[in-house]
Amino acid sequence: MRSWDDGKGDRKESLRRLRQALSQSRSDLWRGWKVYRRSLLAVAGLIMVIFVTTISIFADEIAVEHPYRNLQDTEDEWVIDWEPRMKEPRSEECDWHEQKIITNTRSKFFLEEVVAESHNKVGEDNRYYKDTLSVIRIIKIEDSKGYDLNSSLLYIDPANSSILILTPELYNNSTLNLGVWVTYEFNNEAMHHSWLPDGYDVCIFGTTDTGQDLFSKVLYGSRVSLKIGFTVATLTVTIGTIVGSISGYYGGRVDEVIMRFCDIFFAVPGLILAMAFVAALGSVMSLTIPVWFGVLVPILFLVTVTQSYLLSTVLDGDRISDRTMNIVMQYRGPLLSLLCFFFFVGLLPAPAWPEFFGISESLGWRLGAALGIIVVIGAITLADRKFIQNWDFEGASERLADSFDWTNPLRYLSIRTLAIFVAIVVLFRFSNGSGDEIVLIKDFDRLWKIQAALIITGWPGYARLIRGQVLYVKEMNFVEAARSVGAPPGRIMFRHILPNAWAPLLVAFTLDIGGTILSASGLSFIGLGANPGTAEWGILVSESRDDFLYHPHLMLYPGLAIAATVLGFNLLGDGIRDVADPKNRR
Amino acid sequence: MSDELLLEITNLKKWFPIKEGLLSQTRRYVRAVDGVSLNVTRGETLGIVGESGCGKTTLGRVLMGLIPITSGSVRYSGEDIRKIPNKEIRRKMQIVFQDPGGSMNPRMSVRSIVGEPLLVNGISDGVDLTHKVEELLDSVGLKREHMTRFPHEFSGGQKQRIALARALSLNPEFILLDEPTSALDVSVQAQVLNLLQSIQRSMNLTFVFISHDLAVVRHISDRVAVMYLGKIVELADADEIYRNPRHAYTKVLISAIPKPDPSAKRDSILVEGDVPSPIDPPPGCAFGHRLQHPEWEKSVDMDLSLREVSPGHWVQPCPCCTKDLSDQVIEELDPIQSKGSSETPE
Amino acid sequence: MKLHEFVVRRLLLLIPVIVGVVIFTFSVAHLIPADPAATQCGDKCGIIIDYTDDGEPITAYQANRERLGMNEGVDVQFKKYVTRLFEGDWGESETYNRPVLDVVKDAAPITLEMSFFALMIAYPVGITLGILSAVRQDKMFDHVMRFFGIAFVSLPIFWFAMMLQLYFATGSAMGGVCDPIFGTDGGCFPVYGRHDTGFTYPEDGFVWFFPEGGTGFHLVDSWFVSDAKLSTIPDEWNTRWLLFKDTLLHLALPCIALGVSSAGSLLRYMRASLLEVLHEDYVRTARAKGLAESRVILVHACRNALVPIVTILGFSIGGAIGGAVLTETIFAFNGMGRVAVTSITSIDYTVIMGVTLVTSIIFLLSNLIVDITYAIIDPRVRLE
C-alpha cells in the first residue's frame, strides 16, 4: 500500500502539467484573440452577442413590464393588458392610465375621494398590490357605455396629486351606477430607468394589440430565443459528433448505414421536416424515460467508453494461440456486449427494476443503488493501467489496492471522471419522478417541441461534417504513428482525432445558434412554435400581421431583434472561422 | 552483426482493391507489393531503394503489420507476425516516418509524444514517465527543456530526433526508417544519419532503411535491395551493388547519383517512357516493358525470382535487363525452348 | 468513371433514399397522435349510420376507421399506402375536399416557379457582388459587401417579406416609398396573392386560376392558355399582356424575399472561391502575359471560381423550398409551403405525407441535376 508521501512526486508532476496546460490554453486563446480582433465585423459580432446575452440575463431589471405582473402569467405567456393598445413608440398616451370608479357604493358612505392606483401587480411575496400613481391631469371621463362625460365632474386634490375628488353630481347621479372610467395622465417617475431619457419609460417600442409593452416583450423574447438556440445547437452538436465520429472512425458498413440514414433527412427540406416533427410530437405532454433505461444509458456509455480500452489493453494484447480462445477473440465484440447485457439486465432482471428501485419508495435507495453501480464501473475504469496490464489472479487484490492511486488526486482529472460525474448529476436531477419513469422534461410544451424537432432535423448535418473531419484527420500521419505504438482506438479518437477536428465544429456551432433562432422564429411565425401570446420574437411578428401596414412598429422591433441576434452570432462564427483557419495561424 | 535471422519475408504480396463500376465491385487491384522475398539479419541495416510509387513504403507498412498482408508471410524471429500479439510487435518493432512534422499530433507536447508509447503500453506514467522522456531526449541529443514544447516549435531535424526518441522509447529490436531524411536539408541529413548509426551501434538495433536517395542508402546500409514496381530486382551488399550493378534498372539508378566533382563526365543513362501503373502491371519484366526492349516478350513466361549470381548478390533474371544471366537461366530451365525461341526468325 | 455510369449510379443511389423518405413520411404521419377518424366526424361520431349483417350498430366513427383502413395492422396499412402511391391514389384530403394528388399537382408548380425566379434573382446579384468584393479585397467596398453577405443570411425571411410589403407595396401615406403606379393598395407591387383578384375566381374553396388545360405554371399559362371560363372576366382585362404582367408582378416581392439569403451566401462563397483562384499560378501567368485585368478576372479566374458555386445550387434549392413555407404564408400563394402549413395545422395527414414526399422528390431531383452538371463541368467529381 502506498502512503500519501509516496505520491508526492506524482502530485507535483500532475500539478506542473496542469499548470502548463492552463498556460498553454491561455496563450492559445490570446493568439486566437489577436487574429480575431483584426476583423472589425467579428468584434462587432462579439459585442452584439454579449449585448444580447446580457440583456436576456438582466431582462427582469431592464424591462418596464414583467410577465409575472399577474399571477396567471407565466414566463412565456402574458395575459394582462396594459392600456393603451397599439400605440406608436413614445406615444404620449403611454403615460395615460384608465381607472374604473364605482360610484354607487361611494354615494352611500359619502366618500368623495378616490386613490389613483395602477393595475394589480404581483409582489415579491406573490401577493397582489397596487402602486399609487400621481396624477398630472385628467384627460377624459366616460360612463359605462363609453360616452364622454363633462371632465369637471372630477378633479385632482390640490394637496395630494394621487387623490381624485369626486363632485357630488358624479356620485349622486343614479345613471352612473355602473361606474365611470377616468383616463388621466400620471407621472410615472417610478418606472424610469437610469439609462433611459425622461419620458421614454413605458412604450419605448410602443404597445401591442393587447396593450403590453413591446419593449419588455422583446427583451423577454431574447431569453426564449437564446435558450432555444443554445439548447438545440449544443444537443445537435453532441449527437452529431457522436454519430459522425463513429461513422468516420469505423467506416465500412456502419458508415454506409449511417450516411444513408442521414441522406433521408437531407432529402426533405429542413423547415418542412421540422414542421412534420412538431406535428408528430403534438400530444406528447411530458418527456419521460423508464428508470431502467435512464440508469442503463449512463452505465452503457461508461462501458462503451471503457470497452475499447479494455479490449485493446487486455484482450487484444494477449492473443492466446489456443484455438478456443481464438474463437472467443473472433466474437469478442458481441460476447462482451452480451456479457454487459446479462450483467446489467440479467443480474438485476428487467422486470425487477421497479421493485429494485422502489424499495420503500425512497429516493435515497434508488439513488444509492444507481450510485453503487456507477461506482463499481467507475472504479474499474479509474483503476490504474498497470493493474489492467497484468492480467493475473495471483496477488490481484494487492495490485487492485495499489492501482487506486489515491496518493495523487489529480490523476482523477479525466474524461471518464467527468462522465461519471455527469451521470451522477443526471440521476440526482431526474430521479425525483415516481414509479418506474424518470421525468426528463416535465412540461413538454410547444417550445420544447420545436427544440426537439430542430434537434432531430439538425444532427445529420453535423454527423456529416464531423465524419468528413474525422476521415480527414484519420489519414494524417500522426494517427498512424499513434497506432504504430499501440494506442487503443479510444485514445486515438479522443486524444488524436477529435482535438484536431473541433475547429470547424466550433464554427458550425456558432453559426447554428443563429440558424436555430431563425428556424425557431420561423416555426413560431407560421403558428407551429410557441403558444400565442408568448414573448417570442416570431410570435410577436406573426401577431402583428393583421395590421402591420398601419402599425409597423409591432413587427419592426421584434424582427430587428431576430436579425440583430442572428447577425451577431453569424459574425462571431465568421470571426472564429478566421481564427481556426490555418492560413491565419501566427 | 550476427547471422541470426530477424525478419524473413517470403513472397509477400499487398494488393489494394479498386472499387469501381455501378455497384462498387472490385475488378482490379493496385499491386503495390507483388511477391517480395527478403531476409534481414539481426543488427544489420538493409536499405530499400526505388523510385517513388514502387511500393517501398507499402512494403514497410506491411512488414510492420500496420496494414494486413494479402498473401505471403512475414516472420519475426521465426514467428509469423500475424500470430504475435499486437502489443509485442509494437514493443519490438518501431517505425520512424518520412514526414517528421506530420507524424506528430500538433496538439501534444513533446513529453506526451515521446511518452505515448510508454503510457499506452502501461510501462510508466506520472513522474516516472517524465524521467524516462528526459533520458530519451538526452539520447537523441535534445535538451530536457524541450519536453514542454510543441512540435511546431522545432526544426525538421529536431522533429526527426523527437520521432526517433519516440521510436526508441519502447526499447525495440527493430526500427523501420521510412525515408527519415528525405524531408531534411543535406547538412541536417548527415547529422541524423550519424545519430542513427551511433544509436544502432549502442543499442544493437536492426534497421530497414527505405529511401529513394541512393547516396544516403549507401552511406548507412550494409545491404541494399532495389525495388521496381512492387518487386525486388536486385539485392546485394552495399559496396557490391554500387560497384557492380547487374540489373539494368540498378545501373540506371546508380548512374543518376549526382557526382560531387562537377567536372566529371555525366554518364547518366536516360530512360524513355513513364513508370507503368501498378494497376494491372505488364506481365514479365516490367522495366523491359518500359524500355520497350525487343526481347521483352520472352520474359513473360519466365520465372523471374531472384538468382544468386555471386555470394550474397541476388538479381532478377530477365532477357532484357540482365541479358547474360537470363540466357543462362533459360538454358538451365529448358534448353529446347530457349533454342527454339532464339532461332525463330521474326 | 464515365459520365453515363455516373448518372446511372446516382440514379441507383436515389432509390434507397426515396424508399427511406416514403417509410419516413408514413411513420411520421402515423406518429401524429391525433385520431383522423375522430377529427372527420367531429361531434357526430356517436351517430349510428349503419348496421352490420349481425345487426350490430356501426357508428360514424367506426365507419371512418374502417374507411381509412385504421383497423388493420401498420404493416398492412403501409403495404396499401405504397401500392396506392404507385397507382396514383394518394388519398383524399379532408381540408381541401379533393384528392391529394390534385392538391399537390396544383401547388407544386407555384412553388417551383417562385423558387426558380428567386434563384434567378439571387444568382446574378450574389455572383456579381461576390466578384466585385473579391476584386476589391480589403477595400471599403469589400468590407461593406462582407457585412451585407452575412446580414442577408441573417435576415428572417418572414420579417423581410413583411418589410418589403410595407416599403414597396404601399404608398407614402402608409409608410412605404412607392407612389401608386400600378397594382393594388396604392403601391408599386401587389402585396397579396398569386393574381389580382380580378383575374381569379374561387372554386371549391381553393383559389383557382386556370382550372383546365394549363401547365400549372401560372406565368406560362397566363400567356398561352385561354380558357372558356376566362371570358367571364371583363373584356378590358382579358388581354394576355395584362394577365402576364399581373402574374409577373405578383412574383416580385416573394422572390426577392426568398432570394435574399441565397444571394448573401452566394456572395460569400463567390468571394472566397474567387480569392482562392486569384492566387493560382495560371492567373498570375495570365497577368504576366499582359492581359487586361478585366479579362484576367472575367475569363481566367471567374470561369474556374464558378465551378464550385454549382454545388451551392443544391443547398439554395432546398433553402428556397423550405423558405417557401414562409413566403407563401405571407403572400398567400397556394403553393406547397402553404399546403404544408395548412395540412399540418389541421392535421390532414394524407396531405402531409403527399407534400413531404413531393417536396423531397423535387429536392432530390434538383440535387441530382446539380450533381450531374457538376460532373460535366468538373470531371474529377466522377472519380470519387
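Residues numbered from 1 in each chain as written. Chains lettered and ligands numbered in written order. Predicted model: local features only at pLDDT ≥ 70, side-chain atom pairs only at ≥ 80, totals over all residues. Heavy atoms only, no water.

1. Observations concerning helix H9 (residues 248-255) of chain B
1) Next: By the criterion of burial, H9(B) is predominantly enclosed, with seven of the eight residues buried.
2) Next: Along H9(B), the positions that sit buried rather than exposed are Ala248(B), Tyr249(B), Thr250(B), Val252(B), Leu253(B), Ile254(B) and Ser255(B). (Buried < 20%, exposed > 50% of the residue type's maximum accessible area, 1.4 Å probe, protein only. Helix = DSSP H or I, 4+ residues; strand = E, 2+ residues; numbered from the N terminus.)

2. Overview of the pattern of salt bridges
When the charged atoms of two side chains with opposite charge come close together, those side chains can pair.
1) Next: Under the criterion given, the structure shown has 27 salt bridges over all chains.
2) Next: Between Arg268(C) and Asp574(A) there is a salt bridge, and its shortest N-O distance comes to 2.6 Å. You can see Arg268(C) sitting in helix H9 (residues 240-278) and its partner Asp574(A) sitting in helix H22 (residues 553-580), one on each of two chains.
3) Next: Of the residues examined, Arg268(C) reaches a relative accessible area of 23% and is grouped as partly exposed.
4) Next: The buried category is assigned to Asp574(A), whose relative accessible area is 13%. (Salt bridge = Lys/Arg side-chain N within 4 Å of Asp/Glu carboxyl O.)

3. Here we look at the environment of Ile228(A)
Residues and elements named next belong to chain A.
1) Next: Along the chain, Ile-228 falls in helix H6 (residues 214-250).
2) Next: Measuring from C-alpha to C-alpha, the distance between Ile-228 and Ile-242 comes to 21 Å, with 14 residues separating the pair along the chain.
3) Next: Among residues more than four places away in sequence, those in contact with Ile-228 are Ala-233, Leu-447, Ile-450, Gln-451, Thr-516 and Ala-520. (Contact = heavy atoms within 4.5 Å.)

4. A look at the domain arrangement of chain C
Residues and elements named next belong to chain C.
1) Next: Its domain assignment divides chain C into domain 1 (3-95) and domain 2 (102-199 + 234-383).
2) Next: Contact with domain 2 buries area across many residues of domain 1, yet Leu-3, Phe-6 and Trp-90 alone supply 25% of it, more than any other trio.
3) Next: Scanning the region where domain 1 abuts domain 2 turns up one salt bridge.
4) Next: With its nearest N and O atoms 2.4 Å apart, the salt bridge here joins Arg-10 to Asp-371.
5) Next: Linking domain 1 to domain 2 there are four residue pairs in polar contact (both at pLDDT 80 or more).
6) Next: Broken down by secondary-structure element, the contributors of at least two residues to the side of domain 1 that touches domain 2 are helix H1 (3-31) and helix H4 (74-87).
7) Next: Take the side of domain 1 that touches domain 2: its biggest share by element is 14 residues, from H1.
8) Next: Of the residues assigned to the side of domain 1 that touches domain 2, the class counts are 17 nonpolar, five polar and three charged. (Domains from an automatic or database assignment. Buried area = accessible area lost by both parts, 1.4 Å probe. Polar contact = N/O pair within 3.5 Å; in protein donor to acceptor, adjacent residues only side chain to side chain. Nonpolar A, V, L, I, M, F, W, Y, C, P; charged D, E, K, R; others polar.)

5. Focus on the sheet that holds strand E3 (residues 45-49) of chain B
Residues and elements named next belong to chain B.
1) Next: The eight strands are arranged E6-E7-E8-E3-E9-E10-E12-E11 in an open sheet whose pairing can be described as mixed. Each end of this open sheet is capped by a strand with a single partner; those strands are strand E6 (93-96) and strand E11 (307-310). Put simply, the sheet's adjacent strands are angled 20° from each other on average, direction ignored.
2) Next: When E6 meets strand E7 (residues 174-178), the two strands line up parallel, connected through four bridges. Its bridge partner being in E7, Gln-94 is matched across the sheet by Ile-175.
3) Next: Across the face of the sheet, helix H6 (residues 186-203) comes into contact with E3, E7 and strand E8 (206-211) while running at roughly 160° to E8. (Pairing = 2+ DSSP bridges. Axes fitted to C-alpha atoms, helices over the stretch in contact; angles between N-to-C directions.)

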